[in-house]
Amino acid sequence: VPWSDDLFEKYYDICEELGSGQFAVVRRVVCKATGEEFAAKFIRKRRYATSRRGVTRAHIEREVDVLTEIGGHDAIIRLFAVFETPSEVILVLELVSGGELFDHVCAKECLDEAEAAAFIKQILLGVKHLHSRYICHLDLKPENVMLKRRGETQIKLIDFGLSRRIPPGSQTKDMIGTPEFVAPEIVNFEALGTATDMWALGVVTYILLSGGSPFLGQTRDETFCNITAVDYHFDDCYFHSTSALAKDFIRRLFVRDPRKRATAEDCLRHPWITGPDAEDTVDPRKNAEISI
Ligand SMILES: Nc1cc2c(nn1)-c1ccccc1CC2
């Protein structure tokens, strides 16, 4: 993907804000020459090594390198161009304008488990694509799952700012991610990898089905304690009508040992995702309303 230091405003009209991250604002932009719409992510560069504001160049290059390598999967946002100014780097991304998946789910009267499983299946296909290249997202959480367009069900994984390539056997350790979604190996500063994303996907599924967060405590330390103890349960007030299949799917992801945790491929074969084999059998996930 070409890096340009030409003036961004020369090529694009800048329109409304689509969302923002910690050091990034994302706006809809229109290419002046073609009328095509994109999402431009304006990332503030860190001015000084000691500063805590802005993002380091290495961090930005990581997101660009990962998006360049994995572009082209339906469930993953595409990167088209990069611009650089003295104070920021601008990623010209695929327009994703449907908002966060969870806002859509909350807005709906009810979502049955089959619809929830269909969303999780799309995320699994995107994560399988990443993991097939040993790339880990490392920040999977509801706000990083967006709908391509309002009212449609196509999802896009966004924000690869923490993602990195972690080949098997490499002892990559780092304390990163959002406390509520991190796996035990992150809390214990042990080797992380593709299985770290699978734990986070378990948290996303649990929240999508119930609206509750499995390990969230009153404080960060309490949350970390719940995670390392794998201390969670299916509160009957949230899970009274959740199918046994859905709970089994989640149980296979909340496994402390990353080597024993279900992979994206395992999950794609799980009956909660594949649904009933024979067409004519009743789908136990239907009408099992979720209580978000
Ligand atoms: N950190 C973030 C945060 C966001 C996005 N990307 N990275 C984004 C990408 C495409 C469309 C809309 C957004 C808004 C949120």
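Note that the structure is a prediction, hence the values are computed from the model and not measured. (Residues numbered from 1 in each chain as written. Predicted model: local features only at pLDDT ≥ 70, side-chain atom pairs only at ≥ 80, totals over all residues. Heavy atoms only, no water.)

1. Regarding helix α4 (residues 113–132)
To be explicit about the condition: Strands are runs of DSSP state E lasting at least two residues, helices are runs of H or I lasting at least four, and both sets are numbered from the N terminus onward. Multiply 1.5 Å by the residue count of a helix minus one, and that product is the helix's expected span. Remark: exposure states derive from per-residue accessible area (1.4 Å probe, protein chains only) relative to the maximum for the residue type, with buried under 20%, exposed over 50%, and partly exposed in between.
With 20 residues, α4 ought to run about 28 Å at 1.5 Å a step, and its terminal C-alpha atoms sit 27 Å apart, in line with that. Extensive coverage of α4 is indicated by the burial of 14 of its 20 residues. Positioned one or two residues after α4, Y134 has a phi angle of 55 degrees, which is positive.

2. Concerning the environment of D257
Defined as follows: Pairs of N or O atoms are called polar contacts if they sit within 3.5 Å, as long as, within protein, a hydrogen donor faces a hydrogen acceptor (for residues adjacent in sequence, only side-chain-to-side-chain pairs).
Along the chain, D257 turns up in the loop between α9 (244–251) and α10 (264–268). Of the residues examined, D257 reaches a relative accessible area of 17% and is grouped as buried. Once the C-alpha coordinates of D257 and A183 are considered, the two residues, 74 residues apart in sequence, prove to be 9.8 Å apart. Within the structure, the side chain of D257 is placed 2.8 Å from the backbone nitrogen of R259, a separation counted as a polar contact.

3. Focus on the site of the ligand
Inclusion rule: We call a residue near a molecule or strand when any one of its heavy atoms sits within 4 Å of it. For the area figures, the Shrake-Rupley method with a 1.4 Å probe applies, and any residue is considered shielded solely by the protein chains shown. In the scheme used here, Gly and all other residues not listed as nonpolar or charged are polar, with Ala, Val, Leu, Ile, Met, Phe, Trp, Tyr, Cys and Pro taken as nonpolar and Asp, Glu, Lys and Arg as charged.
By nearness alone, every residue bordering the ligand is listed as L18, G19, V26, A39, K41, I77, V96, M146, I158 and D159. A distance of 2.9 Å separates a nitrogen atom of the ligand from a polar atom in the side chain of D159. Its free accessible area being 340 Å², the ligand has 94% of it covered by the protein chains. Contributing elements (two or more residues each) for the shell around the ligand: β2 (12–20) and β4 (37–44). Grouping the constituent residues of the shell around the ligand by class yields 7 nonpolar, 1 polar and 2 charged.

4. Section: the pairing of strand β6 (residues 88–94)
How we decide: When DSSP finds two or more bridges between a pair of strands, those strands are recorded as paired.
Among the 7 residues in β6, 6 count as buried, and that is most of the element. With 7 bridges connecting them, β4 and β6 associate as antiparallel partners. Within the sheet, the bridge partner assigned to R44 lies in β6 and is E88. As judged from the 5 bridges shared by strand β5 (residues 79–84) and β6, these two strands associate in the antiparallel manner. Counterpart to A81 in the pairing with β6 is V92.

5. Quick word on the sheet that holds β6
Taken in spatial order, the 6 strands of this open sheet run β1-β5-β6-β4-β3-β2, and their pairing is mixed. The two strands at the open ends of the sheet, each matched to only one other strand, are β1 (3–4) and β2. Strand direction decides the pairing type here: strand β3 (residues 24–31) and β4, joined by 7 bridges, are antiparallel. Paired with V30 across the strands is E37, a residue of β4.

6. Some thoughts on the confidence of the model for the protein chain
How we decide: Residue-level confidence of the predictor is summarised by pLDDT, bounded by 0 at the bottom and 100 at the top.
For the protein chain, per-residue confidence averages 92 on the pLDDT scale, and 96% of positions sit at 70 or higher. Interface confidence in the predicted complex, given as ipTM, is 0.93; pTM for the same model is 0.92.

7. Things to note about the packing of helix α6 (residues 194–210) against α9
For any two helices packed against each other, the geometry comes down to the angle between their axes and how far apart the axes lie. Heads up, the rule is: Each axis is a line fitted through C-alpha atoms, and for a helix only the stretch in contact is used; angles between axes span 0 to 180 degrees, taken between their N-to-C directions. Geometric relationships in this document are graded by angle, where less than 35 degrees denotes roughly parallel, more than 145 denotes roughly antiparallel, 65 to 115 denotes roughly perpendicular, and other angles denote oblique. If you view the pair so one helix is near and one far, a crossing is left-handed when the near helix is turned anticlockwise from the far one by less than a right angle, and right-handed when it is turned clockwise. Here, residues are in contact when the closest pair of their heavy atoms is within 4.5 Å.
At a minimum axis distance of 9 Å, the contact between α6 and α9 shows a crossing angle of 155 degrees. Classed by the angle they form, the pair α6 and α9 counts as roughly antiparallel. Here the hand of the crossing between α6 and α9 comes out left-handed. Between α6, through G202, T205, Y206 and L209, and α9, the contact on the second element is made entirely by A246, F249 and I250. The residue makeup of the contact of α6 with α9, split by class, is 5 nonpolar, 2 polar and no charged.

8. A few points about the packing of aromatic side chains
Put simply, the test is: In summary, the pairing rule links any two rings of Phe, Tyr or Trp, Trp by its six-membered ring, whose centres are within 6.5 Å, and it sorts them by plane angle into stacked for under 30 degrees, edge-to-face for over 60 and tilted for everything else.
Per the counting criterion, the structure on display carries 17 aromatic pairs. Ring plane angle 65 degrees and centroid distance 5.7 Å describe the contact between F215 and Y232, whose orientation is recorded as edge-to-face. With F215 in the loop between α6 and α7 (220–228) and Y232 in the loop between α7 and α8 (236–239), this residue pair connects regions lying 17 residues apart in the sequence. Among the residues examined, Y232 registers a relative accessible area of 16% and is labelled buried. Put simply, the rings of F8, Y11, Y12, F38, F42, F80 and F83 pair up and form one aromatic cluster.

9. Here we look at the environment of I70
Within the fold, I70 resides in helix α2 (residues 57–70). A relative accessible area of 0% means that I70 is categorised as buried. Setting aside residues no more than four positions away along its own chain, I70 makes contact with I76, H129, L130, R133, I135 and F160.

10. With respect to the packing of α4 against α6
Contact geometry for α4 and α6: axes closest at 11 Å, N-to-C directions at 165 degrees. Taken together, the axis directions place α4 and α6 in an arrangement best described as roughly antiparallel. Crossing hand, α4 versus α6: right-handed. Between α4, through E113, A116, F119, I120, I123, L124, V127 and H131, and α6, the contact on the second element is made entirely by T194, D197, M198, L201, V204, T205, L208 and L209. Looking at the contact of α4 with α6 residue by residue, the classes come out as 11 nonpolar, 3 polar and 2 charged.

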